[in-house]
Amino acid sequence: MKKSFAYALLSLTLITSGCLGQNRLDELTLVLTFGVDQGKNGEMEIYTAVPVFHKEARKKTELLHTRASTFREGRDRLDNQANGVVETGKVQNILISKRLMMRKGLFDLLDVIYRDPKSALMTDLIVTDDPIEQVMDVDIQDKPRFPVYLRELVRSSHISEASVSTNVRRAYDQFYEKGITPYVTEMKLSENKLKISGTALLDKRGYYVASLDTEESIQLLILQKDTHHPIFMTVQLKGKDVGKKDEESQSISYSIDYTHSSYKTYVEGNQFHFDLHFRYSIVLTELLVQLHPMQDKEKLEKAIASEMKKKMEAVIAKFQKHHLDPIGLGKYARAYAYPQWKQVEDDWGRAFSQAKVRVIPEVRMISIGSLRK
Amino acid sequence: MTFNKVQGGISLFQYVMFISQVQIGVGMMTLPTDLAEVAGTDGWISILLGWIAAIVISLVIVRIMSRQPAETIYDLFFRYLGRGLGACAVLLFILYCLFVFTIAILVKIHITQTWVLPQTPNFFLMLLFMIPILMLVHFGVNILVRYVEFVGLGTIVIIPLFFIAMKGGHLIHLLPVLKEGWLPVFQGVKTTVLSFLGFELAFILYPLLRQKNKAAKGIIIANTITMCMQMLVVITCYIQFNPYQILTYIWPTLDLFETVEFPFVERIEVIFTAFYLFLISTSGIPYLYTAIAGIERLFGDSIREKAMLVLGLGYIVSAFIYNPTFYQVNQMQKWGGNIGMFVAYLFPIAFWLYAGVVDRIRRWDKT
């Protein structure tokens, strides 16, 4: 009696465990890329790239286009023209035009993604200056599907220090962290090819403010301690004591194999001071100046250090001019000068612009390669 | 009392597992946010203080139970309060257990619906959860303890996930320690003691324990396991999320895993949610079991099966009629916290003092 009752219950669980609302892959319109552009009357132009699974189809990716005032509305309108159920849980990247970012804050745009637990948060964010329609229509016949290609482009450029990498989840972190201002990968279209062009800097509300090129992006990544070693760099040495090999070349290339950085934060007379100490271990890879790598070791190290200091300080000056802090020095201010931080936390960008930031690099050559001079 | 008997009693390990698994449950999902709301990133200090409080009260419970090693709290109620009052107390305890169980199952349904199966109706999930729960409870503490043991060992599997999620976090979020001084930390203790709730089930478990002399040691170990688990969850959340961001999440522990990405599986948090259902079940089912043990003590052996059937059907039918919203579930959790505070923290001390006095008077009467 008891046993049969148990069996009855067990079989009931088997019946009830069939999931309601299941999807079949071939009936889905799997949205992998969203593109958003500025439209007329405050509306947005929304483009999506959808992979096509039919064997007969010649193009691997289908482009859909709709107009809507919000992201969510656009997704619902896509339902009307897609030939399957629109599924956005696997979105790989979101392309946003710079023009739109000047009118609309990034975070209002993304709210739907944060609120819906079904959406993927590892989606990459990309800003571009070019019309989205052209970008999404780029010719990539010799490359993987557009969304996959875009993702690889962004991730590999992040690893090779050409740009930051901001996914939706990190953007959320940057939005709520009062001690940092958001930044997004920037991309550009040149000769019908896509290229990562640097970093777009946003203000605290998510509006576009300024851009960094790829070289400045490296400095930003080093300042953020978000680098993958080795970092390859080439600098032009200009100084009285650095002799030229000939008229043109005064370059020197090296790879940074290891960086030890420590940031010191203190407050003096209501002004934040940041001393950013860096200890680089570098390997020479190319030497086109009239210096002997062994005899003039110290001179060389000093020259490189001062060059790096100049570059970093230029980038920091740019941030301070625009009242931005993409490095996240506000976190250090909070950790080490809490009472003063408390007074400025709601307008950290402004407070940071008045802060005194010193970069103190120290270069140690650990190898000069296989040549004696 | 056949329901609450087990061949040869339960081992110390099972006792530890049982209590710590009851404690690790709903609280683990929401604790980082709840704590950050009151104590900021200093919440981890509150956990240490809450842990000490939980141990103290647990030891009080062990002291109460050691007066009559073979009796559960229900027997003690009758012994110390007399027939009428004792029955009332038993009834209250049953209601408390049922209430906690209700909260646990509602939260479970709510999380499943939000994260995994948004289109599946409430009653369906209730049916799905209720059947195995009733089966577990039906076969008594013997099977229940083994189930809890199984889930407890399974929990170890998810611990590495937390360490993986810790990667890429910023330890600097924890600085400065004691941001706003000690006051918020002490206020945070109230939040943490709620997530230690569960040790009060020692009231029913103690008579089954094989080695009674190790009861105190066991309950300290159980509380420590819970504390370590909470510490891991809270610290991971605090270094992964910045102090402002953490306040925006309802279930930070689930959001935590959205960053974790393996080459073979992308949305690990969905899998974690499914796994989490086991964890949360072990904090609900023992309460239902305790309630039914109380009903049996009150009305006799014959009514047990009927009570279980009525309760089970009651939950399923009510799921057809009444679907609590998110706000209602939240509100219920708050009430549960307040009542639990009373039942698990204040009541043992009061009862301990009372029982001490009664025992002394009775002894004095005899001589």
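Residues numbered from 1 in each chain as written. Chains lettered and ligands numbered in written order. Predicted model: local features only at pLDDT ≥ 70, side-chain atom pairs only at ≥ 80, totals over all residues. Heavy atoms only, no water.

K.L.:
Which residues make up the overall build of chain B, and what are the values?
P.N.:
Regarding its fold elements, chain B presents 13 helices and 0 strands. Order of helices (α) and strands (β) in chain B, N terminus to C terminus: α-α-α-α-α-α-α-α-α-α-α-α-α. In terms of overall size, chain B behaves like a compact globule, its C-alpha atoms giving a radius of gyration of 21 Å where 367 residues would be expected to give roughly 21 Å. Dimensions of chain B, computed from C-alpha atoms along their principal axes, come out at roughly 70 × 45 × 35 Å. Looking at chain B as a whole, 59% of its 367 residues qualify as buried. Taking as baseline every contact in chain B between residues at least 6 positions apart, the subset at least 24 positions apart corresponds to 84%. (Helix = DSSP H or I, 4+ residues; strand = E, 2+ residues; numbered from the N terminus. Rg over C-alpha atoms; globule rule 2.2 N^0.38 Å. Buried < 20%, exposed > 50% of the residue type's maximum accessible area, 1.4 Å probe, protein only. Contact = heavy atoms within 4.5 Å.)

K.L.:
Any chance you could break down the side chain of Thr33(B) for me, citing the residues and the numbers?
P.N.:
Examined against the element boundaries, Thr33(B) turns out to sit in helix H2 (residues 26-39). When near neighbours in sequence (up to four residues on either side) are disregarded, Thr33(B) contacts Ile246(B), Leu247(B), Tyr249(B) and Pro252(B).

K.L.:
Lay out the layout of surface pockets with the relevant residues and their values.
P.N.:
The volume enclosed by the largest pocket comes to roughly 1,300 Å³. Lining the largest pocket are 37 residues, with Arg170(A), Asp226(A), Lys167(B), Gly168(B) and Gly169(B) sitting closest to its centre. Taken together, the elements giving at least two residues each to the lining of the largest pocket come down to helix H6 (146-159), helix H7 (168-176) and helix H10 (329-336) of chain A together with helix H6 (140-166) of chain B. Here the element with the most residues in the lining of the largest pocket is H7(A); it accounts for 4 residues. Roughly 1,100 Å³ of volume is contained in the second largest pocket. Contributing elements (two or more residues each) for the lining of the second largest pocket: helix H1 (12-23), H2, helix H4 (73-116), helix H7 (182-195), helix H11 (268-299) and helix H13 (326-366) of chain B. Looking at the lining of the second largest pocket residue by residue, the class counts come to 19 nonpolar, 16 polar and 5 charged. (1 Å grid on protein atoms, 1.4 Å probe; cavity = no way out; pocket = protein on both sides within 12 Å on 5 of 7 lines; lining within 4 Å. Points joined across faces, edges and corners; volume = space filled by probe spheres on them. Nonpolar A, V, L, I, M, F, W, Y, C, P; charged D, E, K, R; others polar.)

K.L.:
Any details on the interface of chain A and chain B? Residues and values, ideally.
P.N.:
The interface is formed by 38 residues belonging to chain A together with 37 residues belonging to chain B. Both faces combined, the contact of chain A with chain B buries some 3,300 Å², and carbon together with sulfur accounts for 61% of it. Where chain A packs against chain B, one counts 5 residue pairs in polar contact (both at pLDDT 80 or more). Listed by contribution, the elements that provide at least two residues to the side of chain A that touches chain B are helix H1 (2-16), H6, H7, H10 and helix H11 (338-344) of chain A. For the side of chain A that touches chain B, the leading source of residues is H1(A), giving 8 residues. (Buried area = accessible area lost by both parts, 1.4 Å probe. Polar contact = N/O pair within 3.5 Å; in protein donor to acceptor, adjacent residues only side chain to side chain.)

K.L.:
Which residues make up the sheet that holds strand S11 (residues 231-236) of chain A, and what values go with them?
P.N.:
Residues and elements named next belong to chain A. The strand order across the open sheet built from 4 strands is S11-S13-S14-S16, with neighbouring strands paired in mixed fashion. Each edge of the open sheet carries a strand with a single partner, namely S11 and strand S16 (356-367). Strand-to-strand twist of the sheet, defined as the mean angle between neighbouring strand axes without regard to direction, takes the value 40°. Together, S11, strand S13 (251-268), strand S14 (271-287) and S16 form the strand contacts of helix H9 (residues 297-321), whose direction differs from that of S16 by roughly 145°. (Pairing = 2+ DSSP bridges. Axes fitted to C-alpha atoms, helices over the stretch in contact; angles between N-to-C directions.)

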